[in-house]
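Geometric and topological summary
Listed below are the residues making up each chain.
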Amino acid sequence: MTKIKIMLVDDQALFREGLKTLLNSRPEFEVVGEASNGEEAIRLAHLLRPQVILMDLRMPILDGVQATRRIRSLHPDCNIIVLTTFDDDEDVFEGLRAGAIGYLLKDVSSEKLFEAIRSAAKGEYFLLPSITAKVVAEFSRLPRIASHPIEAEKILSPREIEVLRLVATGISNKEIAERLFISEGTVKNHLSNILSKLNVKDRLQAVIRGRELGILP
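Residues numbered from 1 in each chain as written. Predicted model: local features only at pLDDT ≥ 70, side-chain atom pairs only at ≥ 80, totals over all residues. Heavy atoms only, no water.

Our focus in this paragraph is the sheet that holds strand E1 (residues 4-9). With parallel pairing, six strands are arranged side by side in an open sheet as E2-E1-E3-E4-E5-E6. Each having just a single partner strand, strand E2 (29-35) and strand E6 (126-127) make up the two edges of the open sheet. In the packing of helix H1 (residues 13-24) onto the sheet, the strands contacted are E1, E2, strand E3 (52-55) and strand E4 (79-84), and the crossing angle to E2 comes to about 165 degrees. (Pairing = 2+ DSSP bridges. Helix = DSSP H or I, 4+ residues; strand = E, 2+ residues; numbered from the N terminus. Contact = heavy atoms within 4.5 Å. Axes fitted to C-alpha atoms, helices over the stretch in contact; angles between N-to-C directions.)

Bringing the environment of Val108 into the picture now. Tracing the backbone shows Val108 in the loop between strand E5 (102-105) and helix H5 (110-121). A residue is classified by how much of its surface remains accessible, and Val108, at 18% relative accessible area, is buried. For the pair formed by Val108 and Lys5, sequence separation is 103 residues and the distance between their alpha carbons is 20 Å. Setting aside residues up to four positions removed in sequence, Val108 forms contacts with Leu83, Leu113 and Leu128. (Buried < 20%, exposed > 50% of the residue type's maximum accessible area, 1.4 Å probe, protein only.)

One way to put it is that helix H2 (residues 38-48) packs onto helix H3 (residues 64-74) with a least axis distance of 9 Å and a crossing angle of 15 degrees. By the criterion of interaxial angle, the relationship of H2 to H3 is roughly parallel. Every pair of crossing elements has a handedness; the one defined by H2 and H3 is right-handed. Of the residues in H3, those touching H2 at Gly38, Ala41, Ile42 and Ala45 are Ala67, Arg70, Ile71 and Leu74. Grouping the amino acids of the contact of H2 with H3 by side-chain chemistry returns six nonpolar, one polar and one charged. (Parallel < 35°, antiparallel > 145°, perpendicular 65-115°, else oblique. Left-handed = near helix turned anticlockwise from the far one by under 90°. Nonpolar A, V, L, I, M, F, W, Y, C, P; charged D, E, K, R; others polar.)

The next point concerns the UniProt feature "modified residue: 4-aspartylphosphate" (unreviewed entry) in the protein. Mapped onto the present numbering, the UniProt feature "modified residue: 4-aspartylphosphate" (unreviewed entry) falls at Asp56. Note that Asp56 resides in the loop between E3 and H3. Under the relative-accessibility criterion, Asp56 is labelled buried at 5%. With residues up to four places along the chain from it excluded, the contact list for Asp56 reads Val9, Asp10, Asp11, Gly64, Leu83, Thr84 and Lys106. (UniProt positions renumbered as here; feature names shortened; annotations may be inferred.)

This brings us to the nonpolar core. Of all hydrophobic cores here, the largest spans 37 residues; its most connected members are Leu23, Leu54, Ile81, Leu104, Leu113 and Ile117. The element contributing the most residues to this core is H5, with five residues. Aside from chain neighbours lying at most four places away, what touches Leu113 is Leu19, Leu22, Leu23, Leu54, Leu83, Leu104 and Val108. (Core = buried A, V, L, I, M, F, W, Y, C linked by side-chain atoms within 4.5 Å.)

A word on the environment of Lys20. With respect to the helices, strands and loops of the structure, Lys20 is situated in helix H1. Along the chain, Lys20 and His46 lie 26 residues apart, while their C-alpha atoms are 20 Å from each other. If near-sequence neighbours (up to four positions away) are discounted, Lys20 is found in contact with Leu8, Val31 and Glu34.

All right, on to the pattern of salt bridges then. Pairing is possible between side chains that carry opposite charge, provided their charged atoms lie close to one another. For the structure on display, the rule yields 11 salt bridges. Measuring nitrogen to oxygen at the nearest pair gives 3.7 Å for the salt bridge that ties Lys106 to Asp56. You can see Lys106 sitting in the loop between E5 and H5 and its partner Asp56 sitting in the loop between E3 and H3, a full 50 residues away along the chain. Given the relative accessible area of 21%, Lys106 is considered partly exposed. Between Arg97 and Glu94 there is a salt bridge; the shortest N-O distance is 2.9 Å. Linking Arg97 with Glu94, this pair stays in helix H4 (residues 89-97), spanning three residues, or about one helical turn. (Salt bridge = Lys/Arg side-chain N within 4 Å of Asp/Glu carboxyl O.)

Evaluation of the coordinates by the stated rule reveals one aromatic pair. Taking the centre distance of 5.7 Å and the plane angle of 45 degrees together, the rings of Phe29 and Phe114 count as tilted. Placement of the pair is Phe29 in strand E2 and Phe114 in helix H5, with a sequence separation of 85 residues. By the burial criterion, Phe29 is buried, and Phe114 matches it. Sitting over the face of the ring of Phe15, Lys106 holds its NZ or CZ atom 4.4 Å from the ring centroid. (Phe/Tyr/Trp six-rings, centres within 6.5 Å; stacked < 30°, edge-to-face > 60°. Lys NZ or Arg CZ within 6 Å of the ring centre and 35° of its normal.)

Non-glycine residue Arg49 carries a positive phi angle of around 50 degrees. Among the secondary structure elements, Arg49 is positioned in the loop between H2 and E3. Overall, Arg49 belongs to the partly exposed group, its relative accessible area being 46%.

This is the structure:
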């Protein structure tokens, strides 16, 4: 089994230690490095080339937003999940604008954290429903291109619209599959078709584009 290489960035040593123990207990994960501030994170990311970084936002010397922006600029194949205590709107938007692919709070369940890491390793966005709601609300201020949502059926099939609307709630492929009584593989196929038809690269962009076109409310 090829392990997912993970780096932890947080100024609290005890938190990093606990997280490292948790992640290394899973056969599919390997914590390859730790950093206590943004500057150290940038240096270690260049040396270690982790696939996924769990990044706190509020740290000394250089904060997580600036570190995320720099790392994503230098190493676009390194995917970053914000893992922080705060879900203030500005923190959420700044983290995602900087290039984070996920945003989790530190009280998240271990299973959700594992799921987020697996998604990030594949280049997929992972946002909890509460965070997705904030993002969708922010982009709801954008003007719609389509004035009549019924025209959505000319772009996506009814099932694809159904899948996209569930994606907008922030749930995972597995949860979408359970809701629609289809396989996870079928959900992935629908998502691939949705991304292609909407000419976007990821789930978050699909939600934003769907809202612009009037496919989403």
